[in-house]
Amino acid sequence: MIRFVRRVLAAVLAVLFAIPLTPPAPARAEAGPDRVTVGVFVNDIQDIDLAADSFTADFYLWFRWKGDVDPTDSIEPMNSNAMQNTTTSETGGVAGKPLYPAPLDMPDGTKYMAFRYQGVFSRKMNLEKYPFDVQNLVIMFEDQNEDTRDLEFVADTTPAAISPLVTMPGYEIGQPTLTVKPHRYPTNFGNIAAPPDAKYSRVTIAIPVTRDPLPYLVKIILPILIVILITSLIYMIPARLEDSRTGIGVTAMLTIVALQWTTDSNLPSVEYLMLLDLIYIVSLVYVLVAMGYTVLASRRHAHEAAEALSTALDRRVGVITLVAYVVVIALTMVLYLNHHHVDPLV
């Protein structure tokens, strides 16, 4: 019995001596990426070139940060148009002009630096709803050296603002936005030491612009409607005057084609049909129908003596085709304008 008690006491003492007198130190958390606060002020939008898929912007971009990573040394605009910029960086594209010779020390212990950018930026714009489209002028920035493991941008408290003096003829400029998202490239750029899932913190500045429809209604849509109304006179001319009818139809056809060529010369080549393209196509079909009916009416008139009956039929057909044209144009505009396009960059 005594030996059993001694063994129990020895086991208890062994357990007590094995327990450390001081608690173990907590595991050290890994240091996260340096967080850099970013903001933008749009000073001016100077030009929007649809044919060149570009626009010219003047804006200020600022940074506040703590830590060892200095974002001002490696910040890079991702969609700067190097071919059209007169002031370029060493790697091509527009270069920001620093407002101060060195980063400033802020009262909260952060460092601050601001740049002014003036240059041309590329933006492939969606023109499905042209000339009633709404565009987003997008400017993107990334750090060209550090991925999200070392650097992460954060939007400022008031991340984006625009000067109230900014105007653009033919457009209404809205409130800009600034967003930050991680962006992953589907390549390691040949760097076998880079992690396969590396992401880069991307700053996206979006400036919405809405086209003023009134000038386009007057310059583009109104001439088309005038041509259609002139074409509808075919149904008012007696069938025996087939030469006059044919002349109106041919002239209308050539006029619509010329209008389309003039419009397309100011637009980029796209792989889809724009709203304006469909308006031209429906208008051409209307003229073709009128010319086809002219041939039928002329042959019918040669075999019929009752010109009054022929004239009444021509007018009924004219009203029906014109109403059908208006309905098709209206439905096309409603479908296109109600179609919501998702911008992958915003």
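All values reported here derive from a predicted model rather than from experimental measurement.

Conventions and cut-offs
Residues numbered from 1 in each chain as written. Predicted model: local features only at pLDDT ≥ 70, side-chain atom pairs only at ≥ 80, totals over all residues. Heavy atoms only, no water. Core = buried A, V, L, I, M, F, W, Y, C linked by side-chain atoms within 4.5 Å. Buried < 20%, exposed > 50% of the residue type's maximum accessible area, 1.4 Å probe, protein only. Helix = DSSP H or I, 4+ residues; strand = E, 2+ residues; numbered from the N terminus. Phe/Tyr/Trp six-rings, centres within 6.5 Å; stacked < 30°, edge-to-face > 60°. Pairing = 2+ DSSP bridges.

Student: Explain the nonpolar core to me, and be specific about the residues and the numbers.
Tutor: Ranked by internal contacts, the top residues of the largest apolar core, which has 70 residues, are Ile45 and Ile48. If you tally residues by element for this core, the top one is helix 4 (residues 275-303), at 11 residues.

Student: Which residues make up the packing of aromatic side chains, and what are the values?
Tutor: For the structure shown, the criterion picks out 14 aromatic pairs. When the centroid spacing of 5.5 Å and the interplanar angle of 40° are considered together, the rings of Tyr235 and Tyr293 count as tilted. In this pair, Tyr235 is assigned in the loop between helix 2 (213-231) and helix 3 (242-264) and Tyr293 in helix 4, connecting sequence segments 58 residues apart. Among the residues examined, Tyr235 registers a relative accessible area of 2% and is labelled buried. Residue classification places Tyr293 among the buried residues on the basis of a relative accessible area of 11%. Among the aromatic residues, ring-to-ring pairing joins Phe55, Phe59, Phe63, Phe115, Tyr117, Phe121, Phe141 and Phe153 into one connected group.

Student: I'd love a proper account of the environment of Val134, names of residues and values included.
Tutor: Looking at where Val134 falls in the secondary structure, it is placed in strand 7 (residues 134-143). A C-alpha to C-alpha distance of 4.7 Å links Val134 and Thr210, two positions 76 residues apart in sequence.

Student: Before we move on, can you summarise the pairing of strand 6 (residues 111-122) with the specific residues and values?
Tutor: The pairing of strand 2 (residues 54-65) with strand 6 spans 12 bridges and is classified as antiparallel. The residue of strand 6 that forms the bridge with Ser54 is Ser122. As paired elements, strand 4 (residues 97-98) and strand 6 share two bridges and run antiparallel to each other. For Pro98, the partnering residue across the bridge sits in strand 6 and is Phe115. Of the strand pairs in this sheet, strand 5 (residues 104-105) and strand 6 are connected by two bridges, and their pairing is antiparallel. Within strand 6, the position partnered with Leu104 by the bridge is Tyr112. Hairpin connection from strand 5 to strand 6: five residues lie between these consecutive antiparallel strands, with Gly109 at a positive phi of about 90°.

These values are about where atoms sit, not about what they do.
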